[in-house]
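Residue-level structural notes
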Amino acid sequence: MPDRELICIVDDDADHCDALRFLLENEGYQVKMYFRAEEYLNTGEKDCDCLILDFKMPGINGVELLELLQARGLTPPTIFLTAHADLNMAIKIFKGGAHDLIQKPVDAVQLLQAVGETIEKHQKLLRSSSGSAESAQKQISCLTQREKQVLNLVSMGLMNCQVASRLNLSERTIETHRANAYRKLGISNLAQLRKLLMQSKLS
């Protein structure tokens, strides 16, 4: 059995939350409940091992919440719950990065199996990412401080002229730092840069 993994439930139905909490705590999980997406955004756990998320809620819905979390650099393994699933909804949910979709009323066996599989997949991903993170960090450590500054601003989507203005340097100097940094890292575009920076933060 899992060693007290933390499950966060975001669902505006208090009775349903209580039922899920009872089920999951009986299986040895820690459980925290949130009745609105806004509440989870403000006080939610960054180290959530599995997020159980209702699709339709007042205010921010489930998909919107997941998008907001991802914008903050948080990607909790997520299971969506919905009473009215359709193909378009399923496509939207899985494109958003969800691990599973379960229809209400929730079948206890199905939910527990989904939670276990979701946590296991996420832990395997973290383990496989650790080597990539160490490699990425080693690559970035070869950069000069100025090159790191330039790449951090470039990764935010700023153009060379905007980076130059931020750092009070000429655009030509920024181009040189950027080219040198790309060469050292073995990358050639912004997408590769962002991926490398993300990997370096996973450990």
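Before going into details, it helps to say that this report is about the structure given with it. (Residues numbered from 1 in each chain as written. Predicted model: local features only at pLDDT ≥ 70, side-chain atom pairs only at ≥ 80, totals over all residues. Heavy atoms only, no water.)

1. Examining the overall build of the protein chain
Applied cut-off: Counting from the N terminus, the helices are DSSP H or I runs at least four residues long and the strands are E runs at least two residues long. Two things to know: the radius of gyration comes from C-alpha atoms, and the globule rule equals 2.2 Å times the number of residues to the power 0.38. Throughout, exposure labels follow a simple rule: accessible area from a 1.4 Å probe, protein chains only, divided by the maximum for the residue type, with under 20% read as buried, over 50% as exposed, and the rest as partly exposed.
Helix and strand counts for the protein chain stand at 9 helices and 5 strands. Taken from the N to the C terminus, the helices and strands of the protein chain come in the order β-α-β-α-β-α-β-α-β-α-α-α-α-α. Scaling as 2.2 N^0.38, a compact globule of 203 residues should have a C-alpha radius of gyration of about 17 Å, whereas the protein chain reaches 21 Å, well beyond that. Seen through its principal axes, the protein chain has C-alpha atoms that stretch 60 × 35 × 30 Å. When burial is assessed residue by residue, the protein chain has 39% of its 203 residues classed as buried.

2. Quick word on the nonpolar core
Put simply, the rule is: Among the buried residues, those of types Ala, Val, Leu, Ile, Met, Phe, Trp, Tyr and Cys that are joined through side-chain atoms within 4.5 Å form a nonpolar core.
In terms of nonpolar packing, the biggest core is built from 23 residues, with V10, Y40, L51, L65, F80 and I93 touching the most fellow members. Counting residues per element, the ones that place at least two in this core are strand 1 (6-10), helix 2 (37-43), strand 3 (50-54), helix 3 (62-71) and helix 4 (87-95). No other element matches the 4 residues that helix 3 contributes to this core.

3. Details of the packing of helix 6 (residues 145-155) against helix 8 (residues 171-185)
Two numbers describe a pair of packed helices, the interaxial angle and the distance between the axes. Keep this limit in mind: Note on method: axes are straight lines fitted to C-alpha atoms, helices fitted across the in-contact stretch only, with angles between N-to-C directions ranging 0 to 180 degrees. Any angle that is under 35 degrees is reported as roughly parallel, and any over 145 degrees as roughly antiparallel; angles of 65 to 115 degrees are reported as roughly perpendicular and all others as oblique. Residue contacts are counted whenever heavy atoms from the two residues lie within 4.5 Å of one another. Under the grouping applied here, Gly and all other residues not named as nonpolar or charged are polar, the nonpolar ones being Ala, Val, Leu, Ile, Met, Phe, Trp, Tyr, Cys and Pro and the charged ones Asp, Glu, Lys and Arg.
One can describe the packing of helix 6 onto helix 8 by two numbers: an axis separation of 9 Å at closest approach and a directional angle of 95°. One element, helix 6, and the other, helix 8, form an angle in the roughly perpendicular class. Counted together, R146, E147, V150, L151 and V154 of helix 6 and I174, H177, R178, N180, A181, Y182, K184 and L185 of helix 8 form the full contact between these two elements. Residue classes in the contact of helix 6 with helix 8 are distributed as 7 nonpolar, 2 polar and 4 charged.

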